[in-house]
Number of protein chains: 6
Amino acid sequence: MKIAVVNPNSCAPMTEKIRAAAEGAAFPGTQILASNPADSPASIEGHFDEAQSVPGLLREITAAEKQGAEGYVVACFDDPGIGACREIVSGPVVGICEAAMRFAAVVAPSFSVVTTLPRSVPIVEELARRYGCEHCCKKVRAADIPVLELEEKESGAREKIQAEIARAFAEDGCESVILGCAGMADLAREFTNEFRAPVLDGVVCAVKLCEALIGAKITTSKINSYARPRKK
Amino acid sequence: MKIAVVNPNSCAPMTEKIRAAAEGAAFPGTQILASNPADSPASIEGHFDEAQSVPGLLREITAAEKQGAEGYVVACFDDPGIGACREIVSGPVVGICEAAMRFAAVVAPSFSVVTTLPRSVPIVEELARRYGCEHCCKKVRAADIPVLELEEKESGAREKIQAEIARAFAEDGCESVILGCAGMADLAREFTNEFRAPVLDGVVCAVKLCEALIGAKITTSKINSYARPRKK
Amino acid sequence: MKIAVVNPNSCAPMTEKIRAAAEGAAFPGTQILASNPADSPASIEGHFDEAQSVPGLLREITAAEKQGAEGYVVACFDDPGIGACREIVSGPVVGICEAAMRFAAVVAPSFSVVTTLPRSVPIVEELARRYGCEHCCKKVRAADIPVLELEEKESGAREKIQAEIARAFAEDGCESVILGCAGMADLAREFTNEFRAPVLDGVVCAVKLCEALIGAKITTSKINSYARPRKK
Amino acid sequence: MKIAVVNPNSCAPMTEKIRAAAEGAAFPGTQILASNPADSPASIEGHFDEAQSVPGLLREITAAEKQGAEGYVVACFDDPGIGACREIVSGPVVGICEAAMRFAAVVAPSFSVVTTLPRSVPIVEELARRYGCEHCCKKVRAADIPVLELEEKESGAREKIQAEIARAFAEDGCESVILGCAGMADLAREFTNEFRAPVLDGVVCAVKLCEALIGAKITTSKINSYARPRKK
Amino acid sequence: MKIAVVNPNSCAPMTEKIRAAAEGAAFPGTQILASNPADSPASIEGHFDEAQSVPGLLREITAAEKQGAEGYVVACFDDPGIGACREIVSGPVVGICEAAMRFAAVVAPSFSVVTTLPRSVPIVEELARRYGCEHCCKKVRAADIPVLELEEKESGAREKIQAEIARAFAEDGCESVILGCAGMADLAREFTNEFRAPVLDGVVCAVKLCEALIGAKITTSKINSYARPRKK
Amino acid sequence: MKIAVVNPNSCAPMTEKIRAAAEGAAFPGTQILASNPADSPASIEGHFDEAQSVPGLLREITAAEKQGAEGYVVACFDDPGIGACREIVSGPVVGICEAAMRFAAVVAPSFSVVTTLPRSVPIVEELARRYGCEHCCKKVRAADIPVLELEEKESGAREKIQAEIARAFAEDGCESVILGCAGMADLAREFTNEFRAPVLDGVVCAVKLCEALIGAKITTSKINSYARPRKK
């Protein structure tokens, strides 16, 4: 099966990191189509960047359906444009925040989120509430890292995230941690081992959820909310 | 004071209707700058249309600030792009759904919403929940009218809306009704008189809320969530 | 237009401070009728004081309607007697807690409240929940000041409030602050400037909300809950 | 033990009915002090009546403590003035709505309420939410009976209530019913038998809850919210 | 009246402590039938222990009905098997967590819980949510004591609980405390005196609630959820 | 990978139907270990049956781990004993109600549930709330079928379910339907085709979710709530 993984920002190295995480987690029969729009913001840090990235994201989603994609992952933790994507294709569309929160709820009674910048904290808090997770989301924390520093080896980003995860487990009463940025997709495995507790990355969760839905032949309901856009 | 009222769709007659409603409700000292993007969908009927309208909306908001606007109304009941708008200007930004729900809560213990198409019902239900109104929003109803029929005199739209309001008061236990589309802005006053109960239109509510915030010198917090977009 | 602003306690200097804040925020065409009952408690610090103040408040509201008031502000942060007031007059009735919370939600994703005494904290927490703000109200804090110390220049009240606001911004993750007592109405402007973030006072918010509702010709629904009291 | 049962309205025959229900349910060692203020509204039908009844209610509560009451029941289903009562005495204070909802939750997964007038429906809905029962309160129904008709044998009130209970069990999916007015205290037993399911009256529930708290030596917390009123 | 108090674990000394607390709180006419299964876990510390204890609990409940019990208390703070118990007998069945939370809500605006082990914290948090107490439950705390240490005089358990209660009152903003284990039933009275605020034990609350329901002739609804088990 | 699918009741034909559904949905590399306890109730219809089935379920889960299972599905829509199962094994444990609700939320804004008997409705309503789905679960409906009739070809069960699904789509405003019993696992595919909208079966969802978690190497957190049971 083919799954499109679209990074809504235009940072190609991040897209490659996301592709690697997706391919590393996919079943043998799954082909990952990783892409990003050419003209969206270099990173998504807030509502404005989100909004600017959506038209490009929608074009990538449409293109992926033509390439035979049966499912779609939107690889930005703000879950931008998910509803719009669900309207324009038939296969299931999964956001990485939603996927991570739904998976965490199955393996632990609670989680905290470690994201990049403080300005993203209220966005993630609102997503947790939208997904019915306000009772199991103990805290949304920011490691205070601009998104693109995740791509720089010398930035100290890994250490800051590590320290914030440690604080989450020590102070929040959470029993799992979700990494709140697609750019952290390479870190989940090692932090899981280090903290001996689930540290989840949304890209992997979303790819696996997508495979599961496709495998179960469950597609998006077209009754009303996610029906194809109306002609004008 | 100058208030920008942006209709995110590209239907100019609707913009004129919105302008008339806004001017009819504004205080004498208020100047309404009504506009719409040239390149957005002709009507906003679902998530995809919403997403497509936002870049144009953001350009109109930016342009309005340069023209001296001190406050901004986004005149689509889905409240698209509100967070993004709040980032890019200093003055308060008000969505018409949010304004109508907050005003209704002051004059009645509950409301129902009468919107256009069934596909918009889940969108409005989610907004009600986001704004903390799930307990006072009795029901979201669709009159089953495409948005642009509101612009056609012979479409029967007015009668369908009237019938749906009647059902809301008769069946829902609501004590006020909110009209769930900017294109209904001309109908609120007469329905209020006819039903002898508050029938609110979001455009008027949002303009008045905007005037109130500007008058009180309350501007958007720039601490985190609505800080100016980061340079890349 | 005439707006009645009733201070439910009998502290005349506080009424004058409230009048000044109201007049300072009102549009030129608005006339403020500020008053307080002669026989209510000197300050409202808890449920009992609230209950004792309501009969006098209701008399003031009734008297104001006879003087031509078109809207009404109840200037105590516990929002006492609001439902009863809504029954006995036609114009909209606005509580200062409700007004402040609804305005804060438009300019920031979250707020904390700084009130006077610890005994008021659970009262305000319950109001936040009643108004659907439990998700955006980060914390209710008490500066530990008896209400009447707000009227004494040497009491150190201003400094205590300032320190509590600083703690709110530093510790709560809130992006705005609401002052939780009508007696703090003179402080909002300067604290807004000092903290470079919205610090809202309910009196100003309620007067502006009242002007907005009157201007929009939105009056209280008389269908059921706020219908005129039944004759016995 | 002595338990004061205060009917906040001034309808003495209703007080006698309440006294009979309370005495019929009390343990042998319990003495019921039933009373009502002389100067409150004849019936409580809405927020205004509530507010007018509270000062008299508070005087009765204070008088009862001097007579040796160890616990207090406020016998109006709107639970008026409960917080104020809790401040001015040491023994536990129980509202009949709160008591009935807490008891119903123990013997059934859900309940509906049958109250008197439609104007009371939103008041009871808000109480259900305040008490954390929004998920188990299936519906609040009005039998459309003015309160004082409950005192008139020929009014047909009993039949209307009976019909509304039948509708509740048939349509709401509720598994118990709460009678939403102290004036219905004489009907619970026979309706329980007739419908072979719990039909609860708040007066009986509150008296039993009061006995339970007194017997367990659990008194009102005086830490903050319910501390004695402050001297001015 | 006869009330069965079943300790679901097999620790007989704890059963005796529970019996003493129950008898100490019961009205003179109440006879306590205290028992425990012989074959259940020695203590209930988590979901597995809970599940293992339920079949024995159900046998004890059935046996108690044959002995004439009219009401039933399940004396483990996780409230295991309550729904199943409600199906198999006619009299009311009360869990000690549910009883304590419902009583605390009447005498204080909020509570914290002090339980034994950290692994029980999420279980109690979920119960608080199930009972509609998420808004009044300030925090669930663990004193970090294995359940059976409560039976050992030299274990230091009493001091740890005392310290945790002190922290709850100092840090949580709670106005009462609930002891979160049946094995703490002997401590509530003295801690109430020491902290001069309600410290509630669930065993006493449940016995009193059971007496109240029996006295009010309120039995479990057999309409659907708690109907007798179906024959296969 | 090996996934254990345990039917907690002792109805072997139902286990075979579940096995067929699981195998039909599994990826080629997945081996399904389907089993049921020999001594549990023949069907699970309420809390008592649930409780009686759990000890056998736990033995099957333990046995499956010894056989090399890496993940576990509990194939009863009441999700009995899930917490206990999570304590005793390392691999993820998935309930079929939880899986179906989490999958439905990704492909539609809302769902209704069609279950067997009315007595199961409150159980499923409580699960929806526990999983944070109260806002997207439009209604829980019972087709009024004893569980074992699902195994009888002539029982008319299929038609009753079909009719109830039709009512759900027509009346509830839901955009997907969840079949609320493991015994309906064979019907989801055909009803999805018939209603041209997602009709989900929990068994398939849970197997796919289990595969996904195992594939992503996400295992149960052992920090606290789901740590191995304590030795006594």
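Residues numbered from 1 in each chain as written. Chains lettered and ligands numbered in written order. Predicted model: local features only at pLDDT ≥ 70, side-chain atom pairs only at ≥ 80, totals over all residues. Heavy atoms only, no water.

Visitor: Is there a simple way to explain the relation of the copies chain C and chain B in this structure?
Guide: Between chain C and chain B, the superposition needs a rotation of 180° and an axial shift of 0.0 Å, giving an RMSD of 0.0 Å. When the rotation and shift are considered jointly, the pair of chain copies conforms to a two-fold rotation axis. Across chain C, the rotation axis passes nearest the C-alpha of Gly132(C), at a separation of 2.1 Å. The share of interface residues of chain C whose copies in chain B are also at the interface is 100%, consistent with both copies meeting through the same surface. (Least-squares fit on C-alpha atoms with pLDDT ≥ 70 in both. Contact = heavy atoms within 4.5 Å.)

Visitor: Even after reading the chapter, I still don't get the sheet that holds strand 6 (residues 137–142) of chain D, so can you show me in this structure?
Guide: In sheet architecture, strand pairing relies on hydrogen bonds along the backbone and comes in two forms, parallel and antiparallel. Residue and element names in this part refer to chain D. Taking strand neighbours across the sheet as the criterion, the 4 strands line up as 6-5-7-8 in an open arrangement whose pairing is parallel. Two strands close off the open sheet at either side, each with one partner strand: strand 6 and strand 8 (199–201). Each neighbouring strand pair of the sheet contributes to a mean axis angle of 25°, computed without reference to strand direction. In this sheet, strand 7 (residues 177–179) lies alongside strand 5 (residues 111–115) in parallel orientation, the contact comprising 3 bridges. (Pairing = 2+ DSSP bridges. Helix = DSSP H or I, 4+ residues; strand = E, 2+ residues; numbered from the N terminus. Axes fitted to C-alpha atoms, helices over the stretch in contact; angles between N-to-C directions.)

Visitor: So what exactly am I meant to see when it comes to helix 4 (residues 96–107) of chain C here?
Guide: All names here are of chain C. For helix 4, built from 12 residues, the straight-helix expectation of 16 Å at 1.5 Å per residue is met to within 8% by its first-to-last C-alpha distance of 17 Å. Burial analysis of helix 4 places 12 of its 12 residues in the buried class, the great majority of the element. Residues of helix 4 that are buried: Ile 96, Cys 97, Glu 98, Ala 99, Ala 100, Met 101, Arg 102, Phe 103, Ala 104, Ala 105, Val 106 and Val 107. (Expected span 1.5 Å × (residues − 1). Buried < 20%, exposed > 50% of the residue type's maximum accessible area, 1.4 Å probe, protein only.)

Visitor: Could you clarify how one ought to interpret the interface of chain C and chain B in this entry?
Guide: Accessible area lost upon the coming together of the parts is a frequently used measure of interface size. Contact residues are listed per partner, giving 44 residues for chain C and 44 residues for chain B. Interface area for chain C against chain B, summed over the two sides, is near 3,400 Å², with a carbon-plus-sulfur share of 69%. Where chain C touches chain B, the interface holds 0 salt bridges. At the boundary of chain C with chain B, the tally comes to 16 residue pairs in polar contact (both at pLDDT 80 or more). Considering every element that reaches the side of chain C that touches chain B, the biggest residue donor is helix 8 (residues 202–215) of chain C, with 8 residues. Classifying every residue of the side of chain C that touches chain B by side-chain character gives 27 nonpolar, 8 polar and 9 charged. (Buried area = accessible area lost by both parts, 1.4 Å probe. Salt bridge = Lys/Arg side-chain N within 4 Å of Asp/Glu carboxyl O. Polar contact = N/O pair within 3.5 Å; in protein donor to acceptor, adjacent residues only side chain to side chain. Nonpolar A, V, L, I, M, F, W, Y, C, P; charged D, E, K, R; others polar.)

Visitor: Help me out: how do you make sense of the pairing of strand 6 (residues 137–142) of chain A in this one?
Guide: Consecutive side chains along a regular strand alternate between the two faces of the sheet. Relative to strand 6 of chain A, strand 5 (residues 111–115) of chain A is paired through 5 bridges, and the arrangement is parallel. Note that in strand 6 of chain A the partner of Phe111(A) across the bridge is Cys137(A).

Visitor: What exactly am I supposed to notice about the pattern of salt bridges here?
Guide: Between side chains of opposite charge, a pair can form when the charged atoms approach closely. Using the criterion set out here, one finds 121 salt bridges over all chains in the structure. A salt bridge links Arg228(F) to Glu65(F); its shortest N-O distance comes to 3.6 Å. Placement of the pair is Arg228(F) in the segment after helix 8 (202–215) and Glu65(F) in helix 2 (residues 47–66), with a sequence separation of 163 residues. Taking relative accessible area as the criterion, Glu65(F) reaches 27% and is therefore assigned partly exposed. Connected via shared salt-bridge partners are Arg141(A), Glu164(A), Arg167(A), Glu171(A) and Asp172(A).

Visitor: Just to check I follow, could you spell out the packing of aromatic side chains for this structure?
Guide: Pairs of aromatic rings are described using the distance from one ring centre to the other and the angle between the two planes. Evaluated as defined, the whole model comprises 15 aromatic pairs over all chains. Plain terms: the ring middles of Phe27(B) and Phe27(C) are 4.6 Å apart, the flat faces sit at 45° to each other, and that makes the pair tilted. In this pair, Phe27(B) is assigned in the loop between helix 1 (12–25) and strand 2 (31–35) and Phe27(C) in the loop between helix 1 (12–25) and strand 2 (31–35), connecting two distinct chains. Comparing Phe27(B) with Phe27(C), the two get one shared label, buried. Every member of this aromatic cluster is reached through a ring pair, and the members are Phe169(A), Phe191(A) and Phe195(A). A cation over an aromatic ring shows up here: Lys208(E) above the ring of Phe27(E), its NZ or CZ 3.4 Å from the ring centre. (Phe/Tyr/Trp six-rings, centres within 6.5 Å; stacked < 30°, edge-to-face > 60°. Lys NZ or Arg CZ within 6 Å of the ring centre and 35° of its normal.)

Visitor: Is there a simple way to explain the domain arrangement of chain A in this structure?
Guide: All names here are of chain A. Per the domain assignment, the segments of chain A are domain 1 (2–96 + 205–215) and domain 2 (97–201). Each side of the interface is counted separately: domain 1 has 25 residues, and domain 2 has 27 residues. When the area that domain 1 buries against domain 2 is broken down by residue, the three leading residues are Lys 17, Phe 77 and Cys 205, summing to 35%. Our count for the contact surface shared by domain 1 and domain 2 stands at 2 salt bridges. Between Glu 151 and Lys 17 there is a salt bridge whose closest N-O contact spans 2.8 Å. Taken together, the connections running from domain 1 to domain 2 amount to 13 residue pairs in polar contact (both at pLDDT 80 or more). (Domains from an automatic or database assignment.)

Visitor: Please explain the packing of helix 6 (residues 157–171) of chain F against helix 7 (residues 188–195) of chain F as it appears in this structure.
Guide: The description of two helices packed together rests on the angle between their axes and the distance between the axes. All names here are of chain F. One can describe the packing of helix 6 onto helix 7 by two numbers: an axis separation of 12 Å at closest approach and a directional angle of 45°. Viewed along their axes, helix 6 and helix 7 adopt a mutual orientation that is oblique. For helix 6 against helix 7, the interelement crossing comes out right-handed. Only Glu 190, Phe 191, Glu 194 and Phe 195 of helix 7 make contact with helix 6, whose side of the interface consists of Arg 158, Ile 161, Gln 162, Ile 165, Ala 166 and Phe 169. Classifying every residue of the contact of helix 6 with helix 7 by side-chain character gives 6 nonpolar, 1 polar and 3 charged. (Parallel < 35°, antiparallel > 145°, perpendicular 65-115°, else oblique. Left-handed = near helix turned anticlockwise from the far one by under 90°.)

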